[in-house]
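Secondary and tertiary structure notes
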Amino acid sequence: MELTFLDPVYARPAPYACAYLDTSRDVRDPEAAIRLRRRHLREDLAQQGADNATVGVVDDAAGTDREVSGRHGQAIIASHGHLALVEELPDPPAHDAARFGVLPDVMPLAVQHAPDIPYAAATVHRVTHPETGAPEELEVDFQTGRWPSSTVAPETCHHRSGPAGEWPKGAAEIAVELAELVHRKGAEVIVLGGEAWARNVLVNRLPAPLRERVVTVAGDGHVVGEGRALLEQELSDVFRGRMSARDRARVETFRSRRLQHAGAVEGMAAVVAALQRAQAGALLLNTPVDLPVRLWAGSEPTQIALSAADLESFGVLSFQEEPPGAALIRALVRTGAELVVVPREELPLEDGVGVLLRYTDPGVPL
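The structure contained in this document is the topic of the report that follows. (Residues numbered from 1 in each chain as written. Predicted model: local features only at pLDDT ≥ 70, side-chain atom pairs only at ≥ 80, totals over all residues. Heavy atoms only, no water.)

Once that is clear, we can look at the sheet that holds strand E1 (residues 16–22). In space, the four strands of this open sheet follow the order E3-E2-E1-E4, with antiparallel pairing throughout. Strands with a single pairing partner mark the edges of an open sheet, and in this sheet they are strand E3 (82–89) and strand E4 (97–101). With direction set aside, neighbouring strand axes in the sheet form an average angle of 10°. Across six bridges, E1 lies against strand E2 (residues 73–79) in antiparallel orientation. Along E2, the bridge assignment pairs Cys18 with Ile77. Against the sheet, helix H2 (residues 30–47) contacts E1 and E4, and its axis sits at roughly 155° relative to E1. Strand contacts of helix H3 (residues 52–61): E1, E2 and E3, with the helix running at about 155° to E2, the strand carrying the most contacts. (Pairing = 2+ DSSP bridges. Helix = DSSP H or I, 4+ residues; strand = E, 2+ residues; numbered from the N terminus. Axes fitted to C-alpha atoms, helices over the stretch in contact; angles between N-to-C directions. Contact = heavy atoms within 4.5 Å.)

The next subject is the sheet that holds strand E16 (residues 353–357). One open sheet holds the four strands; their spatial order is E10-E16-E11-E15, and the pairing between them is mixed. Of all the strands in the sheet, the pair left with one neighbour each is strand E10 (264–266) and strand E15 (338–343). Along the sheet, successive strands turn relative to each other by an average axial angle of 20°, direction set aside. Here strand E11 (residues 280–287) pairs with E16 via five bridges, running antiparallel. In the sheet register, Ala280 faces E16, and the bridge partner there is Leu357. Sheet contacts for helix H10 (residues 268–276): E10, E11 and E16; angle to E16, the most-contacted strand, approximately 40°.

This brings us to the packing of aromatic side chains. Scanning all chains against the criterion turns up three aromatic pairs. In this structure an aromatic cluster arises from ring pairing among Tyr119, Trp147 and Phe239. (Phe/Tyr/Trp six-rings, centres within 6.5 Å; stacked < 30°, edge-to-face > 60°.)

What is shown is where atoms sit, not what they do.
Below you can see the structure in the form of structure tokens.
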């Protein structure tokens, strides 16, 4: 998974205020609940030394995702009185959290982006008009996204309709449009729901290479609430336990290189050493995330170590202890490395982390 969506965060200067809160709308009087959460966040950030301007912009942004219904959360990152990033979270945090520090604690946000599968979803409905006696119509809705972020940040939903009796022709036209969208967005999977006959006609009109990516589902595709993805529940079933093709390839490469004892390392000490040399191509991270070690960080992304003494030995003059996730993610983003989130039961890693190396000897790419 690429982490370029975090670039706006590191474009802002330190220190940062980071807030994670539950902004679910499926509770009684959600506005009152969110007001209470906002107050606690303000108090927490102020006690940690955050300036009034930064506390204010975090407070103003909290709960502004009113257009998103149902269960979800929100991540807010601000610096020097300006917002750096505001995102809805597919799942609310287990506990609201606020932190003010030199590094932004974006690990929870990054993990919620995984597995980051690009997809297209479409559904076909039959519409009758008994009150007017007009001919039956077929309506098609289709949408692309990246799972699971798109559940609460859906892209534009395209709507088409036409006479049911002319569906073979209409399906061919929609197949061309859908195929173009799939190619443009790089969708790995095409999830189709709705009426079986009409759905199957649409599948047969798709280019042959795309038919292999199709997964059909029984759902009618009606969006469960405002600001939610098309076929949300069906997508959840399809993607449960699945990784993106990109991440799956990296996991298999890691397995192979680990067997060969070349090009892949694991354990926090080895991972930190690779990050110090900007040697990491991708960090593999076990979930649930458990990083009990302490990490120290300086002003540069490669200034990361297991102890203050290590950084002093490198000649780093200014540094501080940071949450391990914050230090790791900054190093990944600023050195152009990727993050691969993999369940621990699928690939257990020493200390829960491993790295695919860009090179083993200076100047010798892998």
